[in-house]
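For reference, the chains in residue letters:
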Amino acid sequence: MSTEFNELLQCSGGDSLQIWIVGSRERVMHTINEFQVKRVVSDRSEFSPLIPAPLAPGKYMTLLVR
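These numbers come from a predicted model, not from an experiment. (Residues numbered from 1 in each chain as written. Predicted model: local features only at pLDDT ≥ 70, side-chain atom pairs only at ≥ 80, totals over all residues. Heavy atoms only, no water.)

Enquirer: Got a minute to help me understand the overall build of the protein chain in this structure?
Expert: Check the secondary structure of the protein chain and you find 2 helices and 3 strands. Scanning the protein chain from its N terminus toward the C terminus, one meets helices and strands in the order α-β-α-β-β. The buried share of the protein chain, reckoned over its 66 residues, is 21%. The contacts in the protein chain between residues at least 6 apart in sequence include a share of 46% that link residues at least 24 apart. Entry remark: accessible area of the protein chain is about 4900 Å², with carbon and sulfur atoms responsible for 53%. (Helix = DSSP H or I, 4+ residues; strand = E, 2+ residues; numbered from the N terminus. Buried < 20%, exposed > 50% of the residue type's maximum accessible area, 1.4 Å probe, protein only. Contact = heavy atoms within 4.5 Å. Areas by Shrake-Rupley, 256 points an atom, 1.4 Å probe, with all protein chains shown as cover.)

Enquirer: I tried to follow the nonpolar core on my own but got confused; where do I start?
Expert: Listed in full, the 7 residues of the largest apolar core are I21, V28, I32, F35, V41, F47 and L64. Sorting elements by how many residues they give to this core places helix α2 (residues 25-37) first, with 3 residues. Every residue in contact with F47, bar those within four places of it in the chain, is listed here: I21, I32, F35, V41, T62, L63 and L64. (Core = buried A, V, L, I, M, F, W, Y, C linked by side-chain atoms within 4.5 Å.)

Enquirer: Sorry if this is basic, but what is going on with unusual backbone geometry here?
Expert: The phi angle of most residues is negative, glycine excepted, and most peptide bonds adopt the trans form. One non-glycine residue, R39, lies in positive phi territory at about 60°. Looking at the secondary structure, you find R39 in the loop between α2 and β2 (51-52).

Enquirer: Which parts of the structure should I look at to understand the sheet that holds strand β1 (residues 18-23)?
Expert: Sheet strands line up and pair through hydrogen bonds in the backbone, either parallel or antiparallel. With antiparallel pairing, the 3 strands of this open sheet are ordered in space as β1-β3-β2. Strands at the two margins of the open sheet, each flanked by one partner only, are β1 and β2. Against the sheet, α2 makes contact with β1 and β3 (60-65), and its axis sits at roughly 145° relative to β1, the strand it touches most. (Pairing = 2+ DSSP bridges. Axes fitted to C-alpha atoms, helices over the stretch in contact; angles between N-to-C directions.)

Enquirer: How do you make sense of α2 when you look at a structure like this?
Expert: In an α-helix there are 3.6 residues to a turn, and that puts residues three or four apart on one side. In this model α2 runs 18 Å from its N-terminal to its C-terminal C-alpha over 13 residues, within 8% of the 18 Å that 1.5 Å per residue would give. Within the span of α2, buried status applies to V28, T31, I32 and F35. What you see down the axis of α2 is that its buried residues fit within an arc of 100°, all on one side. Those residues of α2 that are exposed and aimed more than 90 degrees away from the buried face are E26 and V37. The inward-facing, buried residues of α2 abut β1 and β3. Directly after α2, the chain includes R39, whose backbone phi takes a positive value near 60°. (Expected span 1.5 Å × (residues − 1). Arc of directions from axis to C-beta.)

In structure tokens form, the structure reads like this:
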């Protein structure tokens, strides 16, 4: 991964759990909504912005740091 991408993550080291969601734009958005409905997250703002996946052309990704 590029340095610029790593800087976007803004992950504070330590013992945090990361959940990466990669897929088509529609599937990623559906999964974000599903996490909210199932109360895995309290707010959509807990996810990183939706960005094109660096190693999967035509796919998108988001990151949830817990």
